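Residue strings, one per chain:
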Amino acid sequence: MTSCTDPLGLNEKKLFQDFKNNLPKLTKETTNILKIRDDILYLWHAEKCCILTLDIAAVRAKKEDVPYQSLQPTDPPIFEVSQLLINETATQLVLWGSLGVVVLQLPKRWGKKAQFQGGKQTVSCLSHNLDDCYSQLSRTEVRQVRWHPGSSTDSHLLLLASDNVFQLYECEIGQAVRLTRTWKVGPSLHSPAKLPGLSILGDAAVDFDFASPSAKPSQEQRALDLDKLTWRQIEWPILVLRGSGDVLIVRGNVLIDHNKPVVFGTLSMYPPAVDNYGLDSCSIMCLQTTPPLVAIASSAGKIYHALLLSEGSEDDDDERKSWSQYGSTYSLHTPEEALYVYECVELELGLFYTDSDKKYSCPIHLHADPENRSRYFCSHNAGIHLVNVPMVSQLEQYVAASEATVQLQLANLVRQSSAQYLLSTRTKYTGREEATPVLGFGLLQEPCILVALLHTGLAIDISVIDSYYIPSLQAATLAPSPSKKVFKESFDGHIKQLLMRDTSQPITAIGLRKNLTSRECLELLYRATTVFRKQHFLHHDQVREEFRKQVRTLKASKAHQLAELEHLSDMKKRLQQKVETLAERYEDIKDKQEELARRAEEVLRLVYLKEPNMNPIERAEAEQIKSMSEKVKELHVRLEQLKKKKAANQTLFTQLDKTAEYNKICLKPAQIDAITTNLDQMGKDIAELINRAKLLQEQVGL
């Protein structure tokens, strides 16, 4: 039965019921383990260590039974997955958390319903663990992971680590994952123990995003030639956000090997603010406009909108360059751009009733709408917001306007941005320590439907109505499945790493002092208890949890492999039957081929006999045979004519016989006797007359 918050009836589907029965219990912060791409919903299931997929378009079509499929990674992650990311061509998927990154190759889709591998219930997918390939990630934490939009193969993955280091990986399908380059955007740490200090100072990079692309002339060109523009001349600047609110910009095409990325910063923000627009910045997003529009969010619930524009004029270039030689301790170049903040949008984090209620603060995650650049979404521990940005449409009108009307198309702040509270998970009565995060966020287009997964396992799908919504179609291309495998580090090494601790409890020598006070004994006991609780027992609990997850993963993998073995054995039997059938067909085809070969030889022999290469005698005999053949044909014609005449005569004779038989006189026996008697009498009379004639002749003397 559907409701106003679930018109699609997702909570009644078996996928969400299975997920709700196995909810993650340790999740306290907002994550995004749900994605929708090409009308397919992807959901990470931590208990089964697999990705559940559902055809959400078929669900919206009100079909009764829409089964889901499971994508089983060959190398499941051993860390807690907090984010799920899919590239634009929907060929690769990234599972990442603060402790690791796994790249998974999505299988092909075919069949009537365009399901993975034609509708197979569980599909094995080749996965690559970046932490296993390169040990840099094992010493740091992952802050942000994004696919590079300028990759021609859509296979370059950019990763930001907690030590202010960018790592670019090439995850091309069919090849092993490789680290192509790394570069720093700030001070790096020598040991993980100094990480909290760096975060407190605000020098740690917390997020990054790609700005609008720009074209740069090559070394051989003095000026940019649009007619000869190549893909290698297009660069995607990277905006890097620090916890203190400072924004850096990285320029240079990092996809080209010989190009070195150049870090510029810190960008100036106008108008200046005492707190630099917040000291607890958590995320940044760049809307792909001209000029780029940047959104910077802070944990206090404020989002600043700024335009990325050039700063200053050409007259002070020399002064700025000379300042960059001495003004940066991290070898940062002086930027030519600046951020011009034009508005601030404040979000209501939770439902509060009065101004005196204590406000709630939490990290805010920004999500762009791929079909509509005039809006974006915010997910956090208190729910989900929708932010409409009219400035985007104003900038598009300004860029498209002609020179005569350009003054009339200048952007203004008559229509300011607005924030809509779509989903709330907190109120003033919610405990401050009570976790109410949003576990997943996805968008189903045409019409736009927001699908959210709450911490209770409940799925919410609501329609998002926006007057600026413009639908568009994008065709996705599928890439072939890979054939190489990346091997992972042993589980023992991972357990040893978890058991490592910063401090230890030494053996205490108390024999020298026998007069220890009760306070000193209590302090010693308390210190030992604290060390064991924080450094030993906690690590052992983590190891126990890792063992439990590993056992769970191995059981799931074993069950999957047993099912695969059974499936392969059935497939082997079918293949054997197919081989026998093909062998019989092969024998029949072979016999037929031999017969055709003999016939071909006979035809060739006859053709050879008819070739014009005879001697004069043979030609004379051939002429004679030809003339005889013509005579035979003539005789055959005459014979046919005679046969026709014979047949005509035979027909005539048959008709005459029938006529004679028809004209035959039939007499009665009495008549026959009378005629016979008369004939006998006439015979006698004639004989008597003959005798009298002879007598008369003798008498006369004749």
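All values reported here derive from a predicted model rather than from experimental measurement.

Q: Before we go on, may I ask you to explain unusual backbone geometry in this structure?
A: Following Tyr-270, the chain continues to Pro-271 via a peptide bond in cis, the omega torsion being -10°. Within the fold, Pro-271 resides in the loop between strand S22 (268–270) and strand S23 (281–287). With an omega of -5°, the peptide bond between Thr-290 and Pro-291 qualifies as cis. Tracing the sequence through the fold places Pro-291 in the loop between S23 and strand S24 (293–298). Even without a glycine there, the phi angle at Asp-39 is positive, about 65°. Position of Asp-39 relative to the elements: it lies in the loop between strand S1 (34–37) and strand S2 (40–45). Judged by its relative accessible area of 33%, Asp-39 falls in the partly exposed class. Positive phi is not limited to glycine here, since Asn-164 has a value of about 60°.

Q: What am I meant to see in the nonpolar core here?
A: Side chains of nonpolar character tend, in soluble globular proteins, to be buried together. With 43 residues, the main nonpolar core has Leu-41 and Tyr-42 as its most contacted residues. The greatest single-element share of this core, amounting to five residues, is contributed by S2. One finds Tyr-342, Cys-362, Val-389 and Leu-395 within the second-largest nonpolar core, a separate group that totals 25 residues.

Q: Would you mind showing me how to read the side chain of Arg-552 here?
A: Looking at the secondary structure, you find Arg-552 in helix H9 (residues 518–609). With residues up to four places along the chain from it excluded, the contact list for Arg-552 reads Ala-46, Glu-47 and Cys-49.

Q: Teacher, can you tell me more about the packing of aromatic side chains here?
A: Between two aromatic rings, the relevant description is the distance of the centres plus the angle of the planes. Tallied over the entire structure, the rule returns seven aromatic pairs. Ring geometry for Phe-377 against Phe-441: centres 5.3 Å apart, planes inclined by 50°, an arrangement best described as tilted. Of this pair, Phe-377 sits in strand S28 (residues 375–380) while Phe-441 sits in strand S31 (residues 438–444), and the two are 64 residues apart along the sequence. Assigned by exposure class, Phe-377 and Phe-441 land together as buried. The structure contains a cluster of three or more aromatic residues connected by ring pairs, namely Phe-166, Trp-183, Phe-208 and Phe-210. One cation-aromatic arrangement involves Arg-426 over Tyr-360; the distance from NZ or CZ to the ring centre is 4.0 Å.

Q: Help me understand the side chain of Thr-425, please; the structure alone is not making it clear to me.
A: Position of Thr-425 relative to the elements: it lies in the loop between strand S30 (418–424) and S31. Here Thr-425 falls in the buried class, since its relative accessible area comes to 16%. Within the local environment of Thr-425, its side chain forms a polar contact with the backbone oxygen of Asn-381, the two atoms lying 2.9 Å apart. Among the polar contacts made by the side chain of Thr-425, one reaches the main-chain carbonyl oxygen of Thr-436 at a distance of 3.2 Å.

Q: Mind showing me how you'd approach the pattern of salt bridges here?
A: Pairing of side chains with opposite charge becomes possible as their charged atoms draw close. Going through the model one piece at a time under the given rule, you end up with 17 salt bridges. The shortest N-O distance in the salt bridge between Arg-548 and Glu-545 comes to 2.5 Å. With Arg-548 and Glu-545 both in helix H9, this residue pair falls three residues apart, about one helical turn. Among the residues examined, Glu-545 registers a relative accessible area of 26% and is labelled partly exposed. A cluster of three or more residues bridged by salt bridges with shared partners is formed by Lys-14, Asp-18 and Lys-48.

Q: Looking at this structure, I do not really get the sheet that holds S30. What am I missing?
A: Two modes of strand pairing occur in sheets, parallel and antiparallel, and in both the strands are linked by backbone hydrogen bonds. The strand order across the open sheet formed by four strands is S27-S28-S29-S30, and the pairing between neighbours is antiparallel. Of all strands in the sheet, those bounded by a partner on one side alone are strand S27 (365–368) and S30. When strand polarity is set aside, the average angle formed by the axes of neighbouring strands in this sheet is 25°. Note that S28 and strand S29 (residues 383–388) share six bridges and pair antiparallel. Directly across from Tyr-376, in S29, lies its bridge partner Val-387.

Q: What's the story with a nonpolar patch on the surface in this structure? I'm lost.
A: On the surface, Leu-667, Ile-672, Ile-675, Leu-679, Met-682, Ile-686 and Ile-690 cluster together to form a nonpolar patch covering roughly 640 Å² of accessible area. Mapped onto the elements, Leu-667 comes out in the loop between helix H10 (616–663) and helix H11 (669–700).

Q: Explain the pairing of strand S33 (residues 459–463) to me, please; I cannot follow it from the model alone.
A: A regular strand places its side chains so that they alternate between the two faces of the sheet. Here S33 lies mainly inside the structure; four of its five residues are buried. Direction of pairing for strand S32 (residues 449–454) relative to S33: antiparallel, over a ladder of five bridges. Note on S33: the bridge partner recorded for Leu-453 is Ala-459. Between the antiparallel neighbours S32 and S33 lie four residues, among them Gly-457 with a positive phi of about 85°.

The rules behind these values
- Residues numbered from 1 in each chain as written.
- Predicted model: local features only at pLDDT ≥ 70, side-chain atom pairs only at ≥ 80, totals over all residues.
- Heavy atoms only, no water.
- Helix = DSSP H or I, 4+ residues; strand = E, 2+ residues; numbered from the N terminus.
- Buried < 20%, exposed > 50% of the residue type's maximum accessible area, 1.4 Å probe, protein only.
- Core = buried A, V, L, I, M, F, W, Y, C linked by side-chain atoms within 4.5 Å.
- Contact = heavy atoms within 4.5 Å.
- Phe/Tyr/Trp six-rings, centres within 6.5 Å; stacked < 30°, edge-to-face > 60°.
- Lys NZ or Arg CZ within 6 Å of the ring centre and 35° of its normal.
- Polar contact = N/O pair within 3.5 Å; in protein donor to acceptor, adjacent residues only side chain to side chain.
- Salt bridge = Lys/Arg side-chain N within 4 Å of Asp/Glu carboxyl O.
- Pairing = 2+ DSSP bridges.
- Axes fitted to C-alpha atoms, helices over the stretch in contact; angles between N-to-C directions.
- Patch = residues over 30% accessible without salt bridge, like charges linked within 9 Å, V, L, I, M, F, W, Y side chains within 5 Å.
- Areas by Shrake-Rupley, 256 points an atom, 1.4 Å probe, with all protein chains shown as cover.

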